[in-house]
Amino acid sequence: IKDGHMIIINHNDGYISVYKHCSILLKKPRNSVYQGELIALSGNSGETTTGPHLHFEIWKDGQPVDPKSLFHNQ
């Protein structure tokens, strides 16, 4: 598995978030996910990893989105 253990979450308004290289997945396919809930533990799984980390992506309507554009400094 190139990207290791991965979770993809479907959000409202055409967004999805992707979490790759997890060591343990805490959710199963089609489980509901609530804000603040643990979904996985970061790790080092997959062929394209060089150490423990979390690979995080956000997509909107099939196009990648820069996560910094969605998160504001408090």
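See the structure above.
Because the structure is predicted, anything quoted here is derived from the model rather than measured.

Turning our eyes to something else, we now look at unusual backbone geometry. Of note, the phi angle at D13 is positive, near 65 degrees, even though the residue is not glycine. Within the fold, D13 resides in the loop between strand 1 (5-10) and strand 2 (15-22). At R30, a residue that is not glycine, the phi angle is positive and equals roughly 70 degrees. Relative to the helices and strands, R30 is located in the loop between strand 3 (24-25) and strand 4 (40-41).

A few words now on the pairing of strand 2. Burial analysis of strand 2 places six of its eight residues in the buried class, the great majority of the element. Across five bridges, the pairing between strand 1 and strand 2 is antiparallel. Paired with I7 across the strands is Y19, a residue of strand 2. Hairpin remark: strand 1 followed by strand 2, antiparallel, with four residues in the connecting loop; positive phi at D13, about 65 degrees. Across six bridges, the pairing between strand 2 and strand 5 (residues 55-60) is antiparallel. Looking at strand 5, one finds that Y19 is bridged to F56.

The rules behind each value
Residues numbered from 1 in each chain as written. Predicted model: local features only at pLDDT ≥ 70, side-chain atom pairs only at ≥ 80, totals over all residues. Heavy atoms only, no water. Helix = DSSP H or I, 4+ residues; strand = E, 2+ residues; numbered from the N terminus. Buried < 20%, exposed > 50% of the residue type's maximum accessible area, 1.4 Å probe, protein only. Pairing = 2+ DSSP bridges.

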